[in-house]
Protein chains: 4
Amino acid sequence: MDDPLIIAGREFRSRLITGTGGAANLSVLERALVASGTELTTVAMRRVDAAGQTGVLELLRRLGIEVLPNTAGCRTSAEAVLTAQLAREALETNWVKLEVVHDEETLLPDPVELLDAAERLVDDGFVVLPYTNDDPVLALKLQDIGCATVMPLGSPIGTGLGIRNPHNIELITSRATVPVVLDAGIGTASDAALAMELGCSAVLLATAVTRAQDPERMGAAMRCAVEGGRLARLAGRIPQRFWAQASSPGL
Amino acid sequence: MDDPLIIAGREFRSRLITGTGGAANLSVLERALVASGTELTTVAMRRVDAAGQTGVLELLRRLGIEVLPNTAGCRTSAEAVLTAQLAREALETNWVKLEVVHDEETLLPDPVELLDAAERLVDDGFVVLPYTNDDPVLALKLQDIGCATVMPLGSPIGTGLGIRNPHNIELITSRATVPVVLDAGIGTASDAALAMELGCSAVLLATAVTRAQDPERMGAAMRCAVEGGRLARLAGRIPQRFWAQASSPGL
Amino acid sequence: MDDPLIIAGREFRSRLITGTGGAANLSVLERALVASGTELTTVAMRRVDAAGQTGVLELLRRLGIEVLPNTAGCRTSAEAVLTAQLAREALETNWVKLEVVHDEETLLPDPVELLDAAERLVDDGFVVLPYTNDDPVLALKLQDIGCATVMPLGSPIGTGLGIRNPHNIELITSRATVPVVLDAGIGTASDAALAMELGCSAVLLATAVTRAQDPERMGAAMRCAVEGGRLARLAGRIPQRFWAQASSPGL
Amino acid sequence: MDDPLIIAGREFRSRLITGTGGAANLSVLERALVASGTELTTVAMRRVDAAGQTGVLELLRRLGIEVLPNTAGCRTSAEAVLTAQLAREALETNWVKLEVVHDEETLLPDPVELLDAAERLVDDGFVVLPYTNDDPVLALKLQDIGCATVMPLGSPIGTGLGIRNPHNIELITSRATVPVVLDAGIGTASDAALAMELGCSAVLLATAVTRAQDPERMGAAMRCAVEGGRLARLAGRIPQRFWAQASSPGL
């Protein structure tokens, strides 16, 4: 498909961005990533020191998948900025998936700390991909600050509740000029397809694949769903009608 | 994918069954069918006499797509049985998609006439694929009569309203022993993926593709979505949770 | 409210029809019925012989609530017709809530047996209020046969899933000429309000009240909700809009 | 009902807070307010100079309805704080409904300006009732700052889209210690009932009533719906089930 995703000037053929959290082991993760066709995978910097995490980085390099460090686990702007800076040194990339969550129960972003961190990281030369809630105002503010994408959630991390508020996602995609990436909440393939139909440019997910009963197969499912949703968006769907309409006359 | 759809002993690699109604012309239809990857396409027998329809049959033969005659436009059991018998002679197939609709406003099946026609056609040696509403009881009755599939609607024909009652579709798939085909109402790719996730064995659609702004691209979208939904069903999705769950601990 | 419900020429001020099943004891039931304001309550004839059931009939007489015998537990037209006839003799009413269910798992109506029983009971002089699925075609058929109401479910009995398919209920109310009563599936007050907003003339429910933690309070809740939904329907709601609209200019 | 709403130590018997915007004239507004049973009504301070607005204040005084000045139309914290201070002088109340919206298309709150204004107004001795989005984190922050309520939207102002994200509203009500008031988006009675069932302490609405075809009747509808939803919440609803459950055994 000649319809690349472009973020900060870089092209990706795959519109599925993955995370690594939740996988049972590296072998399972490898098969799932390959099946998903992803070209960009986010890794939690706070866990890089662990033995497993080093293995993840090696695995991604071997598979030719770009590493997107993230600041998962950070609760303040200061923590997130520091984590991003350490990641830049360690991984030699100025890209960062910015996460600044408020509390463990919801893992929802803290809008104030998030905005502050985004501004500081943009000023420091980072390509910032912020994980945000689905507030259309906060999305615009992140874009105006200079973020490379906006990445609203469909529902809280790990809930598998899908896209709880499609109206908000549509408000965001109808006004954003940077790519919108649906990040968090995806539970199954139809959720990913819907995200694309609502105008998102890509989908980011982790546990929907890594914690599925068969991660490899779910990786393949998500690949298909993202492609299907993207094609459907471009194809221009039929309108919804209250009453029936026969397919005839016609062929 | 080594996961064929089997209806009445015949195998299909594609789980997307298409209709031809609504296409602007044969050239558009051809591209859409090819993009969809369909191996089985339903054609309205009541329109076969029209010049365009003859062209459709030739097109399907050329593409190697199996023809599934349907009884669209029939309002009584008697009409439907007669139409099926004429189709069998004309097309040399004992397969029939059985449609007996009640009225033009809703194009909903008439449950009484439908059951009667299904019984008579099964007795007459037909392989009957009945278009039905989403009533789980009627679906069981059609199966018990000897139908080869049950094909509940997602919403009325041509509405593009998707699957209005997923609970009913799940009730049907959790109790059916023949393949369940979601027939009618599909508007976009995520609808098709959802059908498969609910346990349907295939999806049947026409105008969602033929009347899309770009039918070829929508044909490709539906192909991906059906595959994605099927894979997701087989992969075993994560459960839904009220509270968030971090992807860590883990990799 | 000067807006009576009229069924077969009889007027009711309350648009909430209740059932008695599921109540812990007669005292709880009495308080719940009084709080609900109901004027018409359905009783299962198959359970009348039980001691408790006799008490229910006495209770209803004392409260001045009309008894509507029902054929719950019947699986065939013959059983239902016989049960209705026994009820007519025992209770001296020719009204009957007609239930003919297909199986215990879903308690869904059997459309074929239901239609047959309805026709026979109408011919026998009954005022027939049939419990049906939400198929708009079956609803029209029941009306055409001479039923006094049509009573589609929102979802299967006792599930509390509310109205799974508002589109179908709207299709029914937009074409019916007899009162449409939403019967089965109601779980909470907003479900009852929605039924009325979709154009139903009344709501019938039992376990949503009798099995609530506080049946009396839930009876009162349903009374309010039915009134609120009815008033909202009559008042003419504002249209839905994609973009916001300030309440000003204006006062 | 002995179940008062308590905000900042003051008791209200009605849990329906209304706005005045959108009413055709004072006479229509009066009838709608009386029918709604409201005891607290918000008025836009920026429109007080207009002749009509003066009339509104007189009307509310005559009806014994408390005035809640709001800062509608303010786009920055500074504007909102100034408007609140002017309102305090003019109306001799230190209560304020705080609105700081980001843009005219969505009328969504600006989270940064809102938080700043809320903090300054609390410090200045105001009883602050902030209109906010449905972000559970922002709601907690507003509460922690000292706001007397949190008032999340169901959907953007004037859209009538109801509660787009019940999950978020539940996340808010399950963690808030101050009253949660559903503010904005209500279109019809069942929306209001649902808000209460999700655990909100009250509902605030304006155009759903003032712009209905019959504002007086819709005012009465909302009164019923809020009471019904509140009672249902207190009564403890039945759980949702996948399969049916007969109301028998039992009475």
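First, a word on what this report is: a plain description of the structure on this page. Along each chain, residues carry numbers from 1 onward, in the same order as the chain's sequence is written. The naming scheme follows written order: chains are lettered A onward, ligands numbered 1 onward. Only residues with pLDDT of at least 70 get local features here, since the model is predicted, and only at 80 or more are side-chain atom pairs given and counted; chain-wide, interface and lining totals rely on the full set of residues. Where side-chain values are given, they derive from all heavy atoms of the structure, hydrogens and water being excluded.

Bringing the relation of the copies chain A and chain B into the picture now. A residue counts toward the fit only if its pLDDT is at least 70 in both copies, and the copies are then superposed by least squares on the C-alpha atoms of those residues. Between chain A and chain B, the superposition needs a rotation of 180 degrees and an axial shift of 0.0 Å, giving an RMSD of 0.0 Å. Taken together, the turn and the small shift mark the pair as related by a two-fold rotation axis. The contact criterion used throughout is that any non-hydrogen atoms of two residues lie within 4.5 Å. Of the residues that chain A buries at the interface, 100% are likewise interface residues in chain B, meaning the two copies contact each other through the same surface.

With that settled, consider empty space enclosed by the protein. Here the term cavity refers to a set of points on a 1 Å grid, laid over the protein atoms alone, in which a 1.4 Å probe fits but cannot get out; the term pocket refers to an open set having protein on both sides within 12 Å along at least five of seven lines, with lining residues being those that place an atom within 4 Å of a point. Grid points are joined across faces, edges and corners, and a volume is the space filled by probe spheres set on the points. Evaluated as defined, the whole model comprises 9 cavities of 30 Å³ or more. When its volume is computed, the largest cavity comes out at roughly 150 Å³. Lining the largest cavity we find 26 residues, and of these A:Asp134, A:Asn168, D:Asp134, D:Asn165 and D:Asn168 sit closest to its centre. Strands here mean DSSP runs of E at least two residues long; helices mean DSSP runs of H or I at least four residues long; both are numbered from the N terminus. Elements represented by at least two residues in the lining of the largest cavity include exactly α6 (166-175) of chain A together with α6 (166-175) of chain D. Here the second largest cavity defines a volume of roughly 110 Å³. Lining the second largest cavity are 16 residues, with B:Asn168, C:Leu108, C:Asn133, C:Asp134 and C:Leu153 positioned closest to its centre. Class assignment of the residues belonging to the lining of the second largest cavity gives a composition of 4 nonpolar, 7 polar and 5 charged. Gly is placed with the polar residues, together with every amino acid not listed as nonpolar (Ala, Val, Leu, Ile, Met, Phe, Trp, Tyr, Cys and Pro) or charged (Asp, Glu, Lys and Arg).

Turning to helix α5 (residues 136-145) of chain C, a few remarks are in order. The element α5(C) is extensively covered by neighbouring structure, given that 8 of its 10 residues are classed as buried. Any residue under 20% of the maximum accessible area for its type is buried, any over 50% is exposed, and the rest in between are partly exposed; the area is computed with a 1.4 Å probe on protein chains only. Restricting attention to buried positions, one finds in α5(C) the residues C:Pro136, C:Val137, C:Leu138, C:Ala139, C:Leu140, C:Lys141, C:Leu142 and C:Gln143. In the core, the buried residues of α5(C) are packed alongside α4 (111-123) of chain B together with α4 (111-123), β7 (127-132) and α6 (166-175) of chain C. In this structure C:Asp135 caps α5(C), since a side-chain oxygen of it lies 3.0 Å from the backbone nitrogen of C:Val137. Looking at the residues trailing α5(C), positive phi occurs at C:Gly146, about 115 degrees. Identification of polar contacts relies on pairs of N or O atoms within 3.5 Å, with a donor-acceptor requirement for protein atoms, meaning one able to donate a hydrogen and the other able to accept it, and with residues adjacent in sequence counted only if both atoms are side-chain atoms.

We now examine the packing of aromatic side chains. Each Phe, Tyr or Trp ring (for Trp, its six-membered ring) is paired with any other whose centre lies within 6.5 Å, and the angle between the two planes then decides the class: stacked below 30 degrees, edge-to-face above 60, tilted in between. Counting across every chain of the model gives 8 aromatic pairs over all chains. Both rings, one in C:Phe242 and one in C:Trp243, keep their centres 5.1 Å apart while their planes meet at 80 degrees; by these two values the pair is edge-to-face. Take C:Phe242: its relative accessible area is 31%, and that puts it in the partly exposed class. When its relative accessible area of 31% is taken as the criterion, C:Trp243 is described as partly exposed. With centroids separated by 6.1 Å and ring planes inclined at 65 degrees, the aromatic side chains of D:Phe12 and D:Trp95 adopt a geometry described as edge-to-face. Linking D:Phe12 in strand β2 (residues 10-12) with D:Trp95 in strand β6 (residues 95-98), this pair joins segments that are 83 residues apart in sequence. Using a relative accessible area of 5% as the deciding quantity, one classes D:Phe12 as buried. Sitting above the plane of the A:Trp95 ring, A:Arg10 keeps its charged end 5.4 Å from the centroid. For a lysine, the NZ atom is tested; for an arginine, the CZ atom; a charge sits over a ring if that atom is within 6 Å of the ring centre and within 35 degrees of the ring normal.

A separate point is the interface of chain D and chain B. Every contact between the two is made by 7 residues of chain D and, on the other side, 7 residues of chain B. Of the roughly 620 Å² buried between chain D and chain B on both sides combined, carbon and sulfur atoms contribute 76%. Contact with chain B buries surface across chain D, with D:His167, D:Phe242 and D:Trp243 losing the most and accounting together for 66% of the total. Connecting chain D to chain B are 2 residue pairs in polar contact (both at pLDDT 80 or more). Reported buried area values correspond to the accessible surface (1.4 Å probe) lost by two parts on association, with both partners' losses combined.

Residue and element names in this part refer to chain C. In plain words, nonpolar cores are sets of buried Ala, Val, Leu, Ile, Met, Phe, Trp, Tyr and Cys residues tied together by side-chain atoms within 4.5 Å. Counting residues in hydrophobic clusters, the biggest one holds 54 residues, and the most contacted among them are Leu98, Val128, Val203 and Met222. When residues of this core are assigned to their parent elements, the largest contribution, 7 residues, is made by helix α9 (residues 215-235). When sequence neighbours within four positions are dropped, the list of residues in contact with Leu98 reads Thr71, Ala80, Leu114, Ala117, Ala118, Leu121, Val128, Leu129, Pro130 and Tyr131.

On to the interface of chain A and chain B. Taken together, the contact pairs 61 residues of chain A with 62 residues of chain B. Both faces considered, chain A and chain B share a buried interface measuring about 5,100 Å² in area, 60% of it formed by carbon and sulfur atoms. Linking chain A with chain B are 26 residue pairs in polar contact (both at pLDDT 80 or more), by the criterion used here. Put simply, the parts of the chain that give the side of chain A that touches chain B at least two residues each are α1 (26-36), α2 (51-63), α7 (189-197), α8 (207-210) and α9 (215-235) of chain A. Broken down by element, the residue count for the side of chain A that touches chain B peaks at 12 residues, all from α9(A). Looking at side-chain class alone, the side of chain A that touches chain B contains 30 nonpolar, 21 polar and 10 charged residues.

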